[in-house]
Amino acid sequence: MDKVVSNPEEVIADVADGSTIMFGGFGVSGIPTTLIKALHQRGTKNITAIINSAGGRLANADLSILVRNRQIKKLIATYPVYPWFPSPFEEQYLKGEVELEITPQGTFIERIRAGGAGIAGFYTPTGVGTIVEKGKEKKTFNGKEYLLELALTADFTLIKAHKADRIGNLTYRMTARNFSPVMATAARITIAEVGEIVEVGELDPETIVTPGIYVNRIVKGERYAIRFE
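What comes next is a walk through the structure. (Residues numbered from 1 in each chain as written. Predicted model: local features only at pLDDT ≥ 70, side-chain atom pairs only at ≥ 80, totals over all residues. Heavy atoms only, no water.)

**Here we look at the overall build of the chain**
Helix and strand content of the chain: six helices and eleven strands. Residues counted as buried form 47% of the 229 residues belonging to the chain. Accessible surface, the chain as shown: approximately 11,100 Å² in total, 51% of it carbon and sulfur. Across the chain, the 27 positively charged side chains and the 26 negatively charged ones have centroids separated by 3 Å. (Helix = DSSP H or I, 4+ residues; strand = E, 2+ residues; numbered from the N terminus. Buried < 20%, exposed > 50% of the residue type's maximum accessible area, 1.4 Å probe, protein only. Areas by Shrake-Rupley, 256 points an atom, 1.4 Å probe, with all protein chains shown as cover. Lys, Arg positive; Asp, Glu negative; His and termini not counted. Charge placed at Lys NZ, Arg CZ, Asp CG, Glu CD.)

Set out below in structure tokens:
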């Protein structure tokens, strides 16, 4: 099946208000900027965003594009604010305008992996004795306390890859790989923006990280001159 969609507006056309969306990206690497901009232009609102960071460093490229436009209702993240300047998300959170669920980074990716594997949850010692344990079930195993963490899934996953073939097999470039391969397994619909689209058979099978079975749609991404704030 050819999964290539001609433009970003069409590829996210069924992302409804109130959707839960996973976004790939870590710092400046692997952010699906083309798809984020398409959501901004469409005006999709009340989004629950599952992402490493709420953004703020990249004025024209990261999740802060949606945050500034007040399209984010809730954030599930590991690094929601920056210590050296107030981000748009921090400003809204301090006013009580958005919700935040903070989760340690290792727990974050394991919750997503569990969601993709159909596992309801798992126990981890990470976060015991901190604010992270609030409201969570706690059990003791072999004399050590553990927290129950529930799996994360989403309606949509939006990721950025280096190359794709027309049936959705993906390769990544360096650290742009980050959370994306695991996120691709944990959503009802996975959409990838890519730098290059090739014909089936042109990708070296040894370089394919995300098999096409996990990818529903592909769109050619734009190149951006990133501007830091």
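**Thoughts on the environment of P125**
Within the secondary structure layout, P125 lies in the loop between strand 5 (121-124) and strand 6 (138-141). Between the alpha carbons of P125 and A16 there is a distance of 36 Å; along the sequence they are 109 residues apart. With residues near it in sequence (within four places) discarded, P125 still touches K144, E145 and Y146. (Contact = heavy atoms within 4.5 Å.)

**With respect to helix 5 (residues 105-117)**
With 13 residues, helix 5 extends 18 Å from end C-alpha to end C-alpha; this agrees with the ideal 18 Å at 1.5 Å per step. Among the residues of helix 5, T107, F108, R111, I112, A114 and G115 are the ones counted as buried. Down the axis of helix 5, the buried side of the element spans an arc of 160°, and every buried residue falls inside it. (Expected span 1.5 Å × (residues − 1). Arc of directions from axis to C-beta.)

**Points about the pairing of strand 1 (residues 20-23)**
Consecutive side chains of a regular strand alternate in pointing toward one face of the sheet and then the other. Of the two faces of strand 1, the one holding T20 and M22 and the one holding I21 and F23 are both buried throughout. The pairing of strand 1 with strand 2 (residues 47-50) spans three bridges and is classified as parallel. Bridge assignment links M22 to a residue of strand 2, and that residue is I50. With helix 2 (residues 33-42) bridging strand 1 and the parallel strand 2, this β-α-β connection has right-handed handedness. (Pairing = 2+ DSSP bridges. Right-handed = clockwise from strand over helix to strand, strands pointing away.)

**Some details on the sheet that holds strand 7 (residues 144-150)**
Strand order in the open sheet formed by three strands is 5-7-6, and the pairing between neighbours is antiparallel. Of all the strands in the sheet, just strand 5 and strand 6 have a single pairing partner and so form its edges. In this sheet, adjacent strand axes meet at a mean angle of 35° when their direction is disregarded. In terms of strand pairing, strand 5 meets strand 7 through four bridges, oriented antiparallel. (Axes fitted to C-alpha atoms, helices over the stretch in contact; angles between N-to-C directions.)

**Here's the deal with helix 2**
Every α-helix carries 3.6 residues per turn, so stepping three or four residues along brings you back to the same face. Every buried residue belonging to helix 2 is among T33, T34, L35, I36, A38 and L39, and all of these are buried. Close packing links the buried residues of helix 2 with helix 1 (8-11), strand 1, helix 3 (64-68), strand 8 (154-165), strand 10 (187-198) and strand 11 (217-220). In the segment just after helix 2, G43 is the residue with positive phi, at about 85°.

**A word on unusual backbone geometry**
Although it is not a glycine, R70 sits at a positive phi angle of roughly 55°. Mapped onto the elements of the fold, R70 is located in the loop between helix 3 and strand 3 (72-77). Although it is not a glycine, N142 sits at a positive phi angle of roughly 50°. Tracing the chain through its elements places N142 in the loop between strand 6 and strand 7.

**Digging into the side chain of T124**
Inspection of the secondary structure assignment puts T124 in strand 5. A polar contact is formed between the side chain of T124 and the backbone nitrogen of T126, at a distance of 3.2 Å. Residues in contact with T124, not counting those within four places in the same chain, are T107, Y146, L147 and E149. (Polar contact = N/O pair within 3.5 Å; in protein donor to acceptor, adjacent residues only side chain to side chain.)

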